[in-house]
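Inside the fold
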Amino acid sequence: MIKISEDFCNTTTHVIIGKGSVSSLSEIIGDKKVALYYSRKLNVDKVKENLKNYYEFPMDDGEEVKDILYSLKLIRELFEKGFDRGDYVIAVGGGTVTDVVGFIASIYMRGLNLINIPTTLLGMVDAAIGGKTGVNFENVKNVLGTFYQPSFIISDIEFLETLPLEEIKKGMAEVIKYGLVLDKELYDYLAMHKDEIYSKEPEALETVVYKSALNKLAVVKEDERETKGIRIVLNFGHTIGHAIEAGSNFRIPHGYAISVGMVCEAKIAEEMGYAEEGVVEDTTWMLTHYELPITIDSLKENIDLRKAIEALTKDKKVRGGKVLMPFPTRIGNWKKVEVPLETLKGFAEQCLK
Ligand SMILES: NC(=O)c1ccc[n+]([C@@H]2O[C@H](COP(=O)([O-])OP(=O)(O)OC[C@H]3O[C@@H](n4cnc5c(N)ncnc54)[C@H](O)[C@@H]3O)[C@@H](O)[C@H]2O)c1
Ligand SMILES: O=C(O)C(=O)C[C@@H](O)[C@H](O)[C@H](O)COP(=O)(O)O
Ligand SMILES: [Zn+2]
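One structure accompanies this document, and this report is about it. Because the structure is a prediction, the values reported are computed rather than measured. Note that residues are indexed from 1 along each chain, following the sequence as it is written. To read the labels, note that chains go from A and ligands from 1, taken in the order they are written. Reporting in this predicted model follows two pLDDT cut-offs: at least 70 for local features of residues, and 80 or more for side-chain atom pairs to be given and counted; totals over whole chains, interfaces and linings ignore these cut-offs and use all residues. Remark: hydrogens and water are excluded; side-chain values derive from all non-hydrogen atoms of the structure.

**A short note on a negative patch on the surface**
The patches described consist of residues with a relative accessible area above 30% and no salt bridge, like charges being joined within 9 Å and nonpolar side chains (Val, Leu, Ile, Met, Phe, Trp, Tyr) within 5 Å. Residue burial considers only the protein chains on display, and all accessible areas are found by Shrake-Rupley using a 1.4 Å probe. We define a salt bridge as a side-chain nitrogen of Lys or Arg found within 4 Å of a carboxyl oxygen belonging to Asp or Glu. In this count, Lys and Arg are taken as positive residues and Asp and Glu as negative ones, while His and the chain termini are left out. A charge is said to be at NZ when it belongs to Lys, at CZ for Arg, at CG for Asp and at CD for Glu. Together, Glu270, Glu271, Glu277, Glu281 and Asp282 give the surface a local cluster of negative charge. Only runs of H or I of at least four residues qualify as helices and only runs of E of at least two qualify as strands under DSSP, and these elements are numbered from the N terminus. Elements that contribute at least two residues to the negative patch include exactly α11 (254-271) and α12 (279-289). Its place among the elements puts Glu281 in helix α12.

Okay, structure coming up:
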């Protein structure tokens with residue numbers, strides 16, 4: 001079992017990674033009162049085995065649950081069962097579950113203790129870590145949300161045994177993101193270890209989850225609320241990626257959308273003279289190596305260009321007609337660049353056609 005701890009403004013977050021790590025819950029929680037939210041598609045017996053005093057709230061998952069009305073439905077459950085600020089909320093599921101449950105845990109009575117138990121690779125390497133919570137609004141991603149750190153993130157690799165390979169691939173898009181803009185060593189590791197990762201060898205999965213968590217925590221530690229122009233690096237591929245999601249009415253999943261988004265943004269970085277020669281090729285090579293989409297056509301869904309561009313104008317990195325873009329410069333490195341929104345729209349239209 002691997003343990004990492006990081007201090008943030010108001011919370012210390014502990015990340016516990018490994019097969020069977022869910023068993024650490026019993027010591028963390030004892031007999032405290034718990035609201036256990038979990039995707040109803042999952043078997044969560046091994047979570048329940050480690051709790052004494054809990055109410056269970058099985059819920060849906062998928063992008064549809066990232067919705068304000070669905071959040072209110074979940075909040076009502078906390079309210080009716082008399083939860084207070086001394087109690088715990090546990091979210092068990094993929095990124096959609098941890099995003100919406102994190103959101104309600106942060107606003108109900110201004111915040112209950114939160115524990116994330118991610119069950120997808122994407123959740124373990126990214127969504128469950130770093131405190132961004134949120135729901136979509138008017139076809140735009142994560143417009144309503146908070147920064148709220150969980151006290152524990154328990155990444156029990158055993159959950160990945162039932163996760164379909166397609167979902168592993170979606171998670172790998174976020175892992176490749178870290179390699180491309182933050183961590184050349186990780187990029188090189190990924191180039192060598194695809195077979196072990198895709199055959200779900202526990203050691204390889206643990207390595208990927210651990211290295212990703214270290215990268216993410218280090219960035220979040222520097223810029224928890226994305227005010228210093230550092231945390232935006234975690235948004236590489238997401239400006240175009242979120243536009244693709246919106247343009248498809250969220251039929252294209254996040255991992256695939258940001259995969260195409262990274263290629264598109266790397267090309268923009270190159271055309272604007274920020275990315276060294278070879279960055280676009282290295283980006284497309286790695287994503288293709290991991291069987292991820294690199295073109296709009298391969299997504300095989302209609303993209304409504306108007307909706308996509310409309311969503312892009314609502315990106316949270318837009319300030320006064322400019323977008324703060326994290327551009328790759330060479331593998332493992334990046335630069336913050338202010339791009340006029342109109343210029344970005346022009347590039348986006350080319351990419352999304
Ligand atoms: N907050 C953040 O920092 C952050 C970071 C990255 C992504 N996200 C968000 O995360 C979401 C995507 O998360 P996701 O890819 O986990 O999607 P998801 O939550 O929809 O889960 C994907 C699928 O996997 C299934 N599943 C989950 N665990 C399983 C298991 N152990 N075995 C079998 N099936 C399982 C789910 O039922 C679902 O069908 C997006 O909304 C994205 O915006 C948030
Ligand atoms: O944690 C972050 O910061 C990220 O940007 C991680 C992203 O992978 C994630 O998809 C996040 O939800 C995007 O946030 P948003 O601020 O662009 O809505
Ligand atoms: Zn993401």
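Once the structure has been displayed, the description carries forward.
**Some words on the coordination of the zinc ion (ligand 3)**
The rule for donors is simple: an N, O or S atom within 2.8 Å of the metal counts, and for Na, K and Ca the reach is 3.2 Å. Water is not among the atoms, so a site may look short of donors. Taken together, the protein donors to the zinc ion (ligand 3) comprise Glu174 (OE), His238 (NE2) and His254 (NE2), at separations of 2.0 to 2.1 Å. Of note, the zinc ion (ligand 3) draws all its donor residues from one chain, in the sequence arrangement E-x63-H-x15-H. In this pair, Glu174 sits in helix α6 (residues 165-181) while His238 sits in helix α10 (residues 238-247), placing the two residues 64 residues apart along the sequence. Residue exposure (1.4 Å probe, protein chains only): buried if accessible area is under 20% of the type maximum, exposed if over 50%, otherwise partly exposed. With a relative accessible area of 2%, Glu174 lands in the buried category. Relative accessible area serves as the criterion here: at 5%, His238 is assigned to the buried category.

**Some remarks on the sheet that holds strand β3 (residues 33-39)**
In space, the seven strands of this open sheet follow the order β1-β2-β9-β6-β5-β3-β4, with mixed pairing throughout. In this open sheet, the two strands that pair with only one neighbour each are β1 (2-7) and β4 (53-59). Ignoring strand direction, the axes of neighbouring strands in this sheet form an average angle of 15°. In terms of strand pairing, β1 meets strand β2 (residues 12-17) through six bridges, oriented antiparallel. Across the sheet, residue Asp7 finds its bridge partner in β2, namely Thr12. Contacts are assigned to residue pairs that have any heavy atoms within 4.5 Å of one another. Lines are fitted to the C-alpha atoms to define the axes, a helix being fitted only along its stretch in contact, and any angle between axes, read from their N-to-C directions, falls within 0 to 180 degrees. Against the sheet, helix α4 (residues 95-107) engages β3, β4, β5 (88-93) and β6 (113-118), with an angle of about 165° to β5. In the packing of helix α9 (residues 202-222) onto the sheet, contacts are made with β1, β2 and β9 (152-155), and the angle to β1 comes to roughly 5°. The criterion for strand pairing is that DSSP finds at least two bridges linking the strands in question.

**Topic: the pattern of salt bridges**
Inspection of every chain in the model, using the stated rule, returns 26 salt bridges. Here Asp188 and Lys184 are joined by a salt bridge, their closest N and O atoms 2.9 Å apart. With a gap of four residues between them, Asp188 and Lys184 both fall in helix α7 (residues 184-192), about one helical turn apart. The exposure class assigned to Asp188 is partly exposed, which follows from its relative accessible area of 35%. Residue Lys184 is classed as partly exposed on the basis of its relative accessible area of 44%. One salt bridge in this structure joins Lys314 and Glu310, with 3.3 Å as the shortest N-O distance. Accessibility expressed as a relative area gives 46% for Lys314, which makes it partly exposed. It is possible to trace a salt-bridge network through shared partners that takes in Glu63, Lys66, Asp99, Lys141 and Glu245.

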